[in-house]
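As a plain string of letters, each chain reads:
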Amino acid sequence: MRLNPDLPSELERIINKTLEKDRELRYQHASELRADLKRLKRETESAGVRSGATAGGGLQTPRPWWKVTAGAATVALALGGSGWYWWTHRGARLTERDSIVISDFANTTGDPIFSDTLKDALGVSLRQSSFLEIASDEKVISTLRLMTKPADTALTPQVAREVCQRTQGKAYISGSNASLGSQYVVDLKAMNCVSGDLLAHEQVTAAGKEKVLEALGNAASRLRGQLGESLSSVQKSNAPLEVLTTSSLEALEAFNQGTKAELEGKSISVELSYFLRAIELDPNFAHAYSSAGVMYRILGDYTRSKEYLTKAYELRDRASPYENLLMQADYYKYVVGDYDKALGLYQQMTESNPRDTIPWSHLVDIYVNVGQLEKALETDVELVRLEPGSALFYPGLIDDERSLGRLLEAHKTYDLAVSRGLDGSSLRRQRYLLAFAEGDTKAMTEQTAWFDKKPPDIQSRMLALEADTQAYVGHVHAARELTHRAADAGAQASNIGSAALLHLRAAWREAAFGNLLEAKKQAMAALDLAPQNEDVESSAAEVLARTGDTGRAQKIAQDIAKRFPQHTVIQRYWLPRIHAQLARAAKKPTEAVEQLRVAEPMEARSCNYSYDRGEAYLEAGRWSAAAAAFQQILDHTGLVRNCLPGALARLQIGRAYAMARDTAKAKSAYQDFITLSQGTQPRRRPVS
């Protein structure tokens, strides 16, 4: 009718009836179609006669009825025939957990708002399914890198097909969106990525721009059925897209820009600005609150982070089942601090989405935070297996291997990442620490040079590592200068949490060196920078107790204990350590030892490791136990890395041996410490 306006509107109804998906509503017999066509013939001829008067008073010859009916029959039979051909020649449907790649949408509407939003909205809709596995953006990008293509390569159907093949997927989905006057036509096709066979096809029409998301959601749910998902499964998880995401295309576009900024490696502040814009456009956009909360957490603004993550938790029913679980897990991890609860939820996500890296990444973070390094290693191995082309997971795996003393394995992992072109700041920092563990000063210098002229947020962490190394060999003034530069760089990047923790690292060093006033100054600076940040508060309280400011330390301990009654790390690690330092300040070393035993299962979460226990044993006169605690540090140089306890343990174990009257061992330990104070470090052979 758009091509030939002279056609009667009844013809469109007849054709639509031949294409009706519900067989009960289609023509049941050819005679029914014939009757409608005859009726259309009669009405067309009558209408032609009635409107036949022309401007000159003559009659306009009516269109021959046989042209109309022949056209209708031809179109109906052609469409019906093509449908029958597709139905009998389509490829095999999918099986449970088959992987799917979504290509970019072909947007011919001229409206750029549809360019990215429809692809991401389709992904959200399909991820409701427990039957389908949608390839993540990270997986697609890592695969593009393996194909030697830029991360921002347009995902055309051809590229999507190759990505699908390389990821051992089963199908790719291509989509298009076109405008017809005020209407929009959304078309989805699922293709077998090996054979190229058409697996499923859905086309829907939206009455207006504001109805496009609704139409896309309807098409996606029907596509799921065509791909092999059972009707009961589709019905069980088939929330409308406007509920799962937002009814505002503008809000969805802003959210997608934030996600894209993250994938492009832009700053956290830039990402956050997009998520906040999405919330401004739709105050009930659950996923935008969740993402903003995580961004605030990374920036160290824990107060706002908890506010946004709590709001996401409250709105979790306005999200897909997958995102609902993620919002619950993030809430228990970041707001409540109940790692046991969060761990169970993330594990549930890995069971329902075994190839999704997000829950696996959270599991690693929890394992590291509770000192379970073997489990962290196993999980990082799984992450690298899932995303071999991603630069995100190799640094964590190297860190695990180095911490567990497996230096040769760490080297192999580093070389593998480099061979895949996955160079980056995180990988370089791990190479620096690996070189430190081996006493390879040349390699350390090469890594620090790489960070010259890098942006402040990237320089900050490397400067902090250099500060630790300078303190390790006794260069206190150089360590202070580097820490100051690192904190300034972190502040320039708006990362107040990072800057505060740098002040606390400096505070611990100063306290260990006996510079108590400077230590207290640094701890208070951290608290001023990041108030209501429980990580900063906990560490600051421990340092303040070391400096003798027991009143302030006790007050902070009572406050965080009350605010976080279910917080795993605070209750099982930080509070016992703070109370141990308070006991030491009160000259009760035996009580301090007992408190530190509570925290001992999590000691591997920190490079301080067993240093505090060794100090408490010394004060309690338990020389052998003190020597054993300090020896643990010397035996785990990969874990302790370039942190100050690794150097001071040599001095402290010398004291323990001297008190135990083991002169030979004491002399050897003191000599080792003197060697470090001269700015050198004994080279160690890599072990595995």
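Because the structure is predicted, anything quoted here is derived from the model rather than measured. (Residues numbered from 1 in each chain as written. Predicted model: local features only at pLDDT ≥ 70, side-chain atom pairs only at ≥ 80, totals over all residues. Heavy atoms only, no water.)

1. A closer look at the pairing of strand 4 (residues 183–192)
Logical step 1: Across the 10 residues of strand 4, 8 count as buried, placing the element largely inside the fold.
Logical step 2: Where strand 3 (residues 171–180) and strand 4 come together, 10 bridges link them in antiparallel fashion. Its bridge partner lying in strand 4, Ala178 is registered against Val185.
Logical step 3: The antiparallel hairpin formed by strand 3 and strand 4 contains 2 residues in its connecting segment, where Gly181 sits at a positive phi of about 70°.
Logical step 4: Relative to strand 5 (residues 198–206), strand 4 runs antiparallel, the two sharing 8 bridges. (Buried < 20%, exposed > 50% of the residue type's maximum accessible area, 1.4 Å probe, protein only. Helix = DSSP H or I, 4+ residues; strand = E, 2+ residues; numbered from the N terminus. Pairing = 2+ DSSP bridges.)

2. Re helix 7 (residues 212–226)
Logical step 1: Over its 15 residues, helix 7 extends 21 Å from the first C-alpha to the last, a length consistent with the 21 Å expected when each residue adds 1.5 Å.
Logical step 2: By the criterion of burial, helix 7 is predominantly enclosed, with 11 of the 15 residues buried.
Logical step 3: Buried within helix 7 we find Val212, Leu213, Ala215, Leu216, Gly217, Ala219, Ala220, Ser221, Leu223, Arg224 and Gln226.
Logical step 4: Residue Gly228 follows helix 7 closely and has a positive phi angle near 120°. (Expected span 1.5 Å × (residues − 1).)

3. Quick look at the sheet that holds strand 2 (residues 133–134)
Sheets are built from strands paired through backbone hydrogen bonds, the pairs being either parallel or antiparallel.
Logical step 1: One open sheet accounts for 5 strands, arranged 2-1-3-4-5; its pairing is mixed. Strands with a single pairing partner mark the edges of an open sheet, and in this sheet they are strand 2 and strand 5.
Logical step 2: Across 2 bridges, strand 1 (residues 99–107) lies against strand 2 in parallel orientation. Note that in strand 2 the partner of Ile100 across the bridge is Ile134.
Logical step 3: Against the sheet, helix 4 (residues 114–126) touches strand 1, strand 2, strand 3 and strand 4, its axis set at about 155° to strand 1. (Contact = heavy atoms within 4.5 Å. Axes fitted to C-alpha atoms, helices over the stretch in contact; angles between N-to-C directions.)

4. What to know about the environment of Glu481
Logical step 1: Tracing the sequence through the fold places Glu481 in helix 23 (residues 476–492).
Logical step 2: Accessibility expressed as a relative area gives 45% for Glu481, which makes it partly exposed.
Logical step 3: Along the chain, Glu481 and Leu463 lie 18 residues apart, while their C-alpha atoms are 9.6 Å from each other.

5. Concerning the state of the cysteines
Logical step 1: In the structure shown here, the tally under the stated rule is 2 disulfides.
Logical step 2: Across a sulfur-sulfur distance of 2.5 Å, Cys164 and Cys193 are joined as a disulfide pair. The disulfide joining Cys164 to Cys193 has a torsion of about -60° about its S-S bond and is therefore left-handed. Here Cys164 is found in helix 6 (residues 157–166), whereas its partner Cys193 is found in the loop between strand 4 and strand 5, with 29 residues between them in sequence. Here the two residues Cys164 and Cys193 agree in accessibility, since each one is buried. (Disulfide = S-S within 2.5 Å.)

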